Amino acid sequence: MIEYILNYMESKGQIIASAAEQAAVETGIGLYLEENGIDSEEKREYFRKYVDRHLALIAPADLKGYFVEYPIISKVNQIAIEQAWDGTVAPERVTELYTLMEKLNAAGLYNKYIPAVEVKSILGKYS
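The sections below set out a description of the structure shown in this document.

What counts and what doesn't
Residue numbers run consecutively from 1 along every chain, following the written order of its sequence. Local features in this predicted model are restricted to residues whose pLDDT is 70 or higher, and side-chain atom pairs enter the listing and the counts only when it is 80 or higher, whereas totals over whole chains, interfaces and linings include all residues. As a rule here, side-chain values cover all heavy atoms of the structure and leave hydrogens and water aside. Secondary structure follows DSSP: runs of H or I at least 4 residues long count as helices, runs of E at least 2 residues long count as strands, and numbering of each begins at the N terminus. Radius of gyration means the value over C-alpha atoms here, while the globule rule gives 2.2 Å times the residue count to the 0.38 power. Partly exposed residues are those whose accessible area sits between 20% and 50% of the maximum for their type, while under 20% is buried and over 50% is exposed, using a 1.4 Å probe and protein chains only. Note on contacts: a residue pair qualifies if any of its non-hydrogen atoms lie within 4.5 Å across the two residues. Here the accessible surface of atoms and residues is derived via Shrake-Rupley with a 1.4 Å probe, and residues count as covered only by protein chains that are part of the display. When charges are counted, Lys and Arg are positive and Asp and Glu negative, with His and the chain ends excluded. For the purpose of locating charges, the reference atoms are NZ of Lys, CZ of Arg, CG of Asp and CD of Glu. Only Phe, Tyr and Trp rings are paired, with Trp represented by its six-membered ring, and only when their centres lie within 6.5 Å; those with planes under 30 degrees apart are stacked, over 60 edge-to-face, the remainder tilted. Throughout, nonpolar core names a set of buried Ala, Val, Leu, Ile, Met, Phe, Trp, Tyr and Cys residues whose side chains join them through atoms within 4.5 Å. In this description, a line fitted to the C-alpha atoms serves as the axis of each element, helices being fitted only across the stretch in contact, and the angle between N-to-C directions of two axes falls anywhere from 0 to 180 degrees. Under the grouping applied here, Gly and all other residues not named as nonpolar or charged are polar, the nonpolar ones being Ala, Val, Leu, Ile, Met, Phe, Trp, Tyr, Cys and Pro and the charged ones Asp, Glu, Lys and Arg. Expected helix span is given by 1.5 Å per residue-to-residue step, counting one fewer step than there are residues. Working note: the arc is built from the helix axis to C-beta atom directions.

Counting its secondary structure elements, the protein chain contains 7 helices and 0 strands. Secondary structure elements of the protein chain occur, N-terminal to C-terminal, as α-α-α-α-α-α-α. For a compact globule of 127 residues, the expected C-alpha radius of gyration is about 14 Å, and the protein chain comes in at 15 Å, within 12% of that figure. Each principal axis of the C-alpha distribution contributes one length, and for the protein chain these read about 40 × 30 × 20 Å. Looking at the protein chain as a whole, 35% of its 127 residues are labelled buried. Contacts in the protein chain between residues far apart in sequence, at least 24 positions, make up 69% of those at least 6 positions apart. Summing over all exposed atoms, the protein chain offers an accessible surface of approximately 7,300 Å²; the carbon and sulfur share of this is 55%. Across the protein chain, the mean location of the 13 positive side-chain charges is 5 Å away from that of the 19 negative side-chain charges.

Below, the structure is given as structure tokens:
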């Protein structure tokens, strides 16, 4: 499935420029697949359709950045889940959230692919 996503990215004009960038993209894709319960070697049609539906939500120009930054996106989502669980977020996690959001902002993905309302609520509540 990693190769499938890489081919999709290429079809949308996303060119990987270096081995380091390739590794970062593949790491992000691997984490995305793991979090969605999809084996990286999966080839069945059901899973391709599942991935296609998600990829369609990502702007073509953002695809490479999305997967490079996916580990950060995942951490932001986890903090939002923690907030939803019991209504609190530990102070060190709020600090971490600020740092993560700065990185997403620098990557041009600030609030595009995260639960923006929840993040703003956390940051507003604990500022």
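From this point on, the discussion continues.
Counted according to the given criterion, the structure contains 6 aromatic pairs. With a centroid separation of 5.0 Å and 90° between ring planes, the pair formed by Tyr66 and Phe67 is classed as edge-to-face. As far as the burial class goes, Tyr66 and Phe67 line up, both buried. With centroids separated by 5.3 Å and ring planes inclined at 85°, the aromatic side chains of Tyr66 and Tyr113 adopt a geometry described as edge-to-face. Pair noted here: Tyr66 is in helix α4 (residues 63-68) and Tyr113 is in the loop between α6 (91-106) and α7 (116-125), with a separation of 47 residues, a long-range link. Each member of the pair, Tyr66 as well as Tyr113, is classed as buried. Connected via pairs of aromatic rings, a cluster forms that spans Tyr32, Tyr66, Phe67, Tyr70 and Tyr113.

Here the focus is the nonpolar core. Core analysis: the largest hydrophobic core is formed by 34 residues, its most contacted members being Ile5, Phe67 and Val76. Look past the residues within four positions of Val76 in its chain and what remains in contact with it is Leu97, Leu100, Met101, Leu104, Ile114 and Val119.

A few words now on the packing of helix α2 (residues 19-35) against helix α5 (residues 70-86). Where α2 contacts α5, the axes come no closer than 8 Å and their chain directions differ by 35°. Across the interface between the two elements, Gly28, Leu31, Tyr32 and Glu35 of α2 pack against Tyr70, Pro71 and Ser74 of α5. For the contact of α2 with α5, the per-class residue count stands at 4 nonpolar, 2 polar and 1 charged.

In this model, α2 (17 residues) spans 24 Å end to end at C-alpha, consistent with the 24 Å of a helix rising 1.5 Å per residue. If you check which residues of α2 are buried, you get Val25, Gly28, Ile29, Tyr32 and Leu33. Burial along α2 is one-sided: seen end-on, the buried residues are contained in an arc of 135°. Looking at α2, the residues exposed on the side facing more than 90 degrees away from the buried face are Ala19, Ala20 and Glu34. Looking at the buried positions of α2, the neighbouring elements they touch are α1 (2-11), α3 (45-55), α4 and α5. Directly after α2, the chain includes Gly37, whose backbone phi takes a positive value near 70°.

The analysis is restricted to geometry; functional conclusions fall outside its scope.
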